[in-house]
Amino acid sequence: MTDTHDLSRITVLVPGALNDHAAKRIEKTFEMIRMDSADPAKVTPELAGKVRGIAAFGGISAGFMDALPKLEIVASFGVGYDSVDAVHAGKKSVMVTNTPDVLTEEVADTALGMLINAVRELPRAEDYLREGRWVKEGPYRLTPGTLRGRKAGIFGMGRIGQAIAHRLEAFGLPVAYHNRRQVEGMDYEYHPTLVSLAGAVDTLISVVPGGASTLKAVNAEVLKALGPNGVFVNIGRGSTVDEEALAAALRDGTILAAGLDVFADEPNVPKALLDVPNATLLPHVGSASVHTRNAMADLVVDNLLSWFSKGEPVTAVPETAHVKAKR
Ligand code: NAP
Ligand code: 8YV
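As the structure is a prediction and not an experimental result, all values here were calculated from the model.

A. How the structure looks around the packing of aromatic side chains. On inspection of all chains with the given rule, the structure shows 4 aromatic pairs. Relative to phenylalanine 308, the ring of phenylalanine 30 lies with its centre 5.8 Å away and its plane at 65°, an arrangement referred to as edge-to-face. In this pair, phenylalanine 30 sits in the loop between helix H1 (20-29) and strand S2 (31-35) while phenylalanine 308 sits in helix H13 (residues 290-310), placing the two residues 278 residues apart along the sequence. The buried category is assigned to phenylalanine 308, whose relative accessible area is 0%.

Here it is in structure tokens:
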């Protein structure tokens, strides 16, 4: 453990962009060094000799960790940490932390907003007004979609999934879900496979983490099972979706509409998705309010402070929960 008075001698590296509130707090307490990206080739011998912590908004590879032999902790900004090689960190006894809970309600709010936008075409109706078409052409069309009578399925009934489920219940929609494991004591209808869930509902909300186990899980078969009145919302990770199959399903009426906050290759959005009018698209803004991003920033910094002053993090990811401080 480090005496709290010594924290200014600890070097924390910030590769790439970082939330201002987090950067200001880190700078006040530690020696903060910025570099433009987390590229192992850019690690100088000086950095290799002194960096003990990383605060990261983007990905951290195994190679970058290996280039920093004194590294003890990667404090990642976000609850999803699929871009940080946490398994490698666990093997190297490097702690990885994320920012769960503080963003749950904001992200659930965004998911419901996207669902309503997709079903009731609110962004398109607003464009219609702004383009002067209400005046020239009369009322916007009646929407084929409605939330009324829908049944929702949640792919990933974790913290955010449950917050979305509570909101859906308040909207009067029955809820079912698919996880790898049934949640103990949960009354919502459980489906052991994603296809079975999609076949049982007409509104599918994906909020699973990215990574190998969910890669392109939402595919043509799942979308076909969702059916022609189907609405798909993705607030989890873009990698979870076969985007080509999704664009085709939206184009040919296999499903009715989609609301997407996340994409496989951000910030690039496939043209096939930009081209379909029945997709409502957002630039990954699920948690993006000042309030919630400040709370996430505080948790990033609190993890660094707790690790370097008490020898334990606040929110370790499961892959590194076993890692102990060496001091
Ligand atoms: P969480 O509490 O860990 O929940 C994740 C859920 O997904 C768990 O219930 C888990 O259950 C399930 N799951 C994981 N892998 C699965 C698989 N292969 N098949 C089926 N189910 C699987 O995480 P959270 O806090 O709710 O966050 C969820 C994700 O949302 C994050 O990882 C992140 O990618 C995304 N997110 C996006 C935004 C945004 O701005 N759009 C913001 C925050 C978070 P089992 O382990 O039993 O399968
Ligand atoms: C952040 C997110 O925008 O927490 C997550 O998993 O996707 C978002 O809240 C993202 O992590 C920023 O790096």
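B. Structural detail: empty space enclosed by the protein. Overall, the coordinates contain 1 cavity of 30 Å³ or more when judged by the stated rule. In this structure, the largest cavity spans a volume of roughly 30 Å³. Every residue along the wall of the largest cavity is listed here: Glu72, Ser93, Trp307, Val323, Lys324, Ala325 and Lys326. For the lining of the largest cavity, the per-class residue count stands at 3 nonpolar, 1 polar and 3 charged.

C. Just the site of ligand 1, in detail. Neighbouring residues of ligand 1: 27 residues in total, closest Ile160, Arg180, Arg181, Ser213 and Asp261. In this structure, arginine 159 approaches ligand 1 through a main-chain N or O atom, which is 2.9 Å from an oxygen atom. Asparagine 179 has a polar side-chain atom sitting 3.0 Å from an oxygen atom of ligand 1. Bound to the protein, ligand 1 loses 88% of the 930 Å² it would expose on its own. Classifying every residue of the shell around ligand 1 gives 11 nonpolar, 11 polar and 5 charged.

D. How the structure looks around the environment of alanine 152. Assignment of secondary structure puts alanine 152 in strand S6 (residues 152-155). For alanine 152, a relative accessible area of 0% translates into the label buried. Put simply, alanine 152 and glutamate 169 are 17 residues apart on the chain and 9.5 Å apart in space, counted from C-alpha to C-alpha. Sequence-distant contacts of alanine 152, that is, excluding residues within four places in its chain, are made with Leu168, Leu173, Pro174, Val175, Ala176, Val201 and Thr203.

E. Representation of the site of ligand 2 in the model. Around ligand 2, the neighbouring residues are Phe57, Phe77, Gly78, Val79, Gly80, Leu103, Arg237, His284, Ser287, Arg293 and Met296. At 3.1 Å, a backbone N or O of phenylalanine 57 approaches an oxygen atom of ligand 2. Within the side chain of serine 287, a nitrogen or oxygen atom sits 2.6 Å from an oxygen atom of ligand 2. Residue classes in the shell around ligand 2 are distributed as 5 nonpolar, 4 polar and 2 charged.

F. Local environment of the pairing of strand S10 (residues 231-234). Residues Val231 and Val233 of S10 are buried on one face, and the alternating residues Phe232 and Asn234, pointing to the opposite face, are buried as well. As defined by bridge partners, strand S9 (residues 203-206) adjoins S10 across 4 bridges and the pair is classed as parallel. Among the inter-strand pairings, serine 206 is bridged to a residue of S10, identified as asparagine 234. Following the backbone out of S9, through helix H10 (residues 220-226) and into the adjacent parallel S10, one traces a crossover that is right-handed. Crossover S10 to strand S11 (residues 257-260) through helix H11 (residues 243-251) is right-handed.

Calculation rules
Residues numbered from 1 in each chain as written. Chains lettered and ligands numbered in written order. Predicted model: local features only at pLDDT ≥ 70, side-chain atom pairs only at ≥ 80, totals over all residues. Heavy atoms only, no water. Phe/Tyr/Trp six-rings, centres within 6.5 Å; stacked < 30°, edge-to-face > 60°. Helix = DSSP H or I, 4+ residues; strand = E, 2+ residues; numbered from the N terminus. Buried < 20%, exposed > 50% of the residue type's maximum accessible area, 1.4 Å probe, protein only. 1 Å grid on protein atoms, 1.4 Å probe; cavity = no way out; pocket = protein on both sides within 12 Å on 5 of 7 lines; lining within 4 Å. Points joined across faces, edges and corners; volume = space filled by probe spheres on them. Nonpolar A, V, L, I, M, F, W, Y, C, P; charged D, E, K, R; others polar. Near = heavy atom within 4 Å. Polar contact = N/O pair within 3.5 Å; in protein donor to acceptor, adjacent residues only side chain to side chain. Areas by Shrake-Rupley, 256 points an atom, 1.4 Å probe, with all protein chains shown as cover. Contact = heavy atoms within 4.5 Å. Pairing = 2+ DSSP bridges. Right-handed = clockwise from strand over helix to strand, strands pointing away.

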